[in-house]
Amino acid sequence: MKDFIFLPASNIRDSHVRLPGSKSISNRTLLLAALSDNECVLHDVLDSDDTQRMLEALAQLGVVIETIDANSHRVHGSKQRFPNKDAQLFLGNAGTAFRPLTAALALMQGHYELSGVPRMHERPIGDLVDALRLSGADITYLQNEAYPPLKIHPWRDNEQRTIPVKGNVSSQFLTALLMSLPLTGQAYTIEVVGELISKPYIDITLKLMAQFGIVIEHEQHQVFHLPANALYHAPESLHVEGDASSASYFLAAGLLTGKKITVEGINEKSIQGDVAFVDALVQIGAHVSYGDNSITVWRDKKQAIQAFDFDANHIPDAAMTLAIVAVATGQECHIRNIESWRVKETDRLSAMTAELRKLGVHVVEGQDYISIHAQAPLKPNVRIDTYDDHRMAMCFSLIALLGTPIIINEPECVNKTFPTYFEAFAKLCV
Ligand SMILES: O=C(O)C1=C[C@@H](OP(=O)(O)O)[C@@H](O)[C@H](O)C1
Ligand SMILES: C=C(OP(=O)(O)O)C(=O)O
């Protein structure tokens, strides 16, 4: 890919887009299948940087995975224990690989080193490590306290059966504990301390664990009861839904342009919380229809897109797309309760603010919110920096649909979750 992509102001036509597989479901099911006591064929798995990091790591750990094609894998489960007891794993910037693998390996009997790209070493992991240490894990920080890279040593049960974990930095810490503590064979209670952010991702975890045979009871997402002697047993085959966060760019395109845009691979019954992005679009003027395996969004062009003030804590990834929708309203909009943006692929609150300002948009950056007001025509041909953040590249591409040509720097960052994003986007345009 060139080091920038110029997107001319574009007309868009009624279109269908086939979504890539969900990152969250792909990486969870790869790990759960690898821990199961049987074989499982996973279909429609995402093929991207984040899933490649998980696949490579599992292979290094000795898990046998036959690749049927780029999106289908037959995973031979390793019965709760990875064969290789010594490995150095590079996990890129994949939170859905780094956090769950840290927990799984910390509860095993090996010596492991986990590292990632420089940005991964700035993304906190201390709350997860603290919780794992309480259960008997032996983990050391190789560079900075509370951040990767990590060194993991064999687990020794210290018989503490109630594990508190903070939930206000990343829900992935709780997901990691939920998926991994069953490997010990013991019953545990996990208590979330304080607020739990990004809650719908915990529901993805629980629903997938249930499909792999482990059912967890919980009290309003605050206390989770893990049964003793629980073993993962995979379904014979499992289909991965299309990615609801990746869908957000195309669904927004339907609202912004008025054309009927259909995404294929999800429907309203999706287990991904980001399908709630559709509800946000409907509140501000979109029409929606659901098919068996698709969602279509459009707008009556006579109707303006309404200004909004949303709490987006439950849809942190799709919320970035809302920031561009805010620009299209031409009115003051607020996206709140999104402090987790600061510890993702980049500090997304700062990055979003800086790049929207380049377009001439008035922006207020709060510690956990962003206020956006596009008062004047956008500046054309602005070069948008993407900060190695796939979502910066994908959401800013939508500016072209507002009639303002735009240049996206280093567009290959989309490889993290959607390597063919710009091809799919180009197909929408006349
Ligand atoms: O568990 C998951 O699959 C994810 C949880 C969310 O992270 P946080 O819980 O850190 O907000 C989300 O932003 C990320 O893209 C995927
Ligand atoms: C935050 C994200 O990724 P990760 O899974 O690395 O946390 C994301 O995809 O927007």
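Conventions and cut-offs
Residues numbered from 1 in each chain as written. Chains lettered and ligands numbered in written order. Predicted model: local features only at pLDDT ≥ 70, side-chain atom pairs only at ≥ 80, totals over all residues. Heavy atoms only, no water. Near = heavy atom within 4 Å. Polar contact = N/O pair within 3.5 Å; in protein donor to acceptor, adjacent residues only side chain to side chain. Helix = DSSP H or I, 4+ residues; strand = E, 2+ residues; numbered from the N terminus. Nonpolar A, V, L, I, M, F, W, Y, C, P; charged D, E, K, R; others polar. Areas by Shrake-Rupley, 256 points an atom, 1.4 Å probe, with all protein chains shown as cover. Contact = heavy atoms within 4.5 Å. Phe/Tyr/Trp six-rings, centres within 6.5 Å; stacked < 30°, edge-to-face > 60°. Buried < 20%, exposed > 50% of the residue type's maximum accessible area, 1.4 Å probe, protein only. Lys NZ or Arg CZ within 6 Å of the ring centre and 35° of its normal. Core = buried A, V, L, I, M, F, W, Y, C linked by side-chain atoms within 4.5 Å. Axes fitted to C-alpha atoms, helices over the stretch in contact; angles between N-to-C directions. Parallel < 35°, antiparallel > 145°, perpendicular 65-115°, else oblique. Pairing = 2+ DSSP bridges. pLDDT = per-residue confidence, 0-100.

Novice: How would you sum up the site of ligand 2? Please name residues and give values.
Specialist: Not every one of the 14 residues close to ligand 2 is listed here, only the nearest: K23, G95, R123, R391 and K416. Between ligand 2 and H390, the relevant distance is 3.2 Å, taken from an oxygen atom to a side-chain nitrogen or oxygen of the residue. Sorting the residues of the shell around ligand 2 by element identifies α3 (95-106) and α11 (390-397) as the ones contributing at least two each. Broken down by class, the residue content of the shell around ligand 2 amounts to one nonpolar, five polar and eight charged.

Novice: Please provide a residue-by-residue account of the site of ligand 1, values included.
Specialist: Neighbouring ligand 1 are the residues K23, S24, R28, T96, S170, S171, Q172, S198, Y201, D317 and K344. Between an oxygen atom of ligand 1 and a side-chain N or O atom of K23, the distance comes to 2.7 Å. Within the side chain of S171, one N or O atom sits 2.5 Å away from an oxygen atom of ligand 1. Starting from 390 Å² of accessible surface for ligand 1 in isolation, the protein chains cover 95%. No other element matches helix α1 (residues 23-35), which puts three residues into the shell around ligand 1.

Novice: Mind laying out unusual backbone geometry, listing which residues take part and the relevant values?
Specialist: Cis geometry is adopted by the peptide bond preceding P149, which originates at P148 and carries an omega value of 0 degrees. Tracing the backbone through its elements, the reader meets P149 in the loop between β8 (138-141) and β9 (150-153). The backbone of K79 sits at a positive phi, close to 55 degrees, despite the residue not being glycine. Structurally, the position occupied by K79 is in the loop between β5 (72-76) and β6 (86-90).

Novice: Could you give me a rundown of the side chain of S36, with the residues and numbers involved?
Specialist: Tracing the backbone shows S36 in the loop between α1 and β3 (39-43). Residue contacts for S36: discarding those within four places in its chain leaves G77, S78, K79, Q80, F212, Y232, H233 and A234.

Novice: Pulling in residues and values, what's your account of the packing of aromatic side chains?
Specialist: Tallied over the entire structure, the rule returns seven aromatic pairs. Ring plane angle 80 degrees and centroid distance 5.4 Å describe the contact between F418 and Y421, whose orientation is recorded as edge-to-face. Judged by its relative accessible area of 0%, Y421 is buried. The structure contains a cluster of three or more aromatic residues connected by ring pairs, namely Y249, F250, F418, Y421, F422 and F425. Looking at K2, its charged tip hangs above the ring of F4, at a distance of 5.0 Å from the centre. Between R336 and the ring centre of Y369, over which it is positioned, the NZ or CZ distance is 5.9 Å.

Novice: Describe the nonpolar core, and please don't skip the residues or the numbers.
Specialist: Across soluble globular proteins, you tend to see nonpolar side chains buried next to one another. Within the largest apolar cluster, 78 residues are counted, with the highest numbers of intra-cluster contacts made by I335, M352, L356, L359, F396, L398 and Y421. Residue contributions to this core peak at nine residues, all from helix α7 (residues 244-257). Other than its neighbours up to four places away in sequence, L359 contacts L378, K379, V382, I384, F396, I399 and I406. Counting 76 residues, the second-largest nonpolar core is a separate cluster that includes M179, L196, L206 and L238.

Novice: Residue-level account of helix α4 (residues 126-135), with values.
Specialist: A turn of α-helix holds 3.6 residues, and therefore any two residues three or four places apart point the same way. With seven of its ten residues buried, α4 lies for the most part within the structure. Buried residues belonging to α4 abut α3, β8, β9, β10 (162-166), α5 (172-180) and β11 (188-193). Immediately downstream of α4, the backbone of G136 shows phi near 115 degrees, a positive value.

Novice: Before we move on, can you summarise the packing of α11 against helix α12 (residues 421-428) with the specific residues and values?
Specialist: At a minimum axis distance of 11 Å, the contact between α11 and α12 shows a crossing angle of 5 degrees. In terms of orientation, α11 lies roughly parallel with respect to α12. For the pair α11 and α12, contact is made by A393, M394 and S397 and by Y421, F422 and F425, respectively. Within the contact of α11 with α12, the residues separate by chemical class into five nonpolar, one polar and no charged.

Novice: Run through the sheet that holds strand β20 (residues 362-365), naming residues and quoting values.
Specialist: Spatially, four strands are ordered β18-β19-β21-β20 in an open sheet, and the strand pairing comes out mixed. Bordering the open sheet on either side are β18 (309-311) and β20, each of which pairs with just one other strand. Here the average twist between neighbouring strands, direction ignored, is 10 degrees. Pairing between β20 and strand β21 (residues 369-373): four bridges, direction antiparallel.

Novice: Can you tell me about the confidence of the model for the chain, naming the residues and giving the values?
Specialist: Interpretation of this model should avoid reading the predicted coordinates in detail wherever pLDDT is low. Confidence along the chain averages 97 in pLDDT terms, with 100% of residues attaining 70 or more. Here the predicted complex scores 0.98 on pTM and 0.99 on ipTM.

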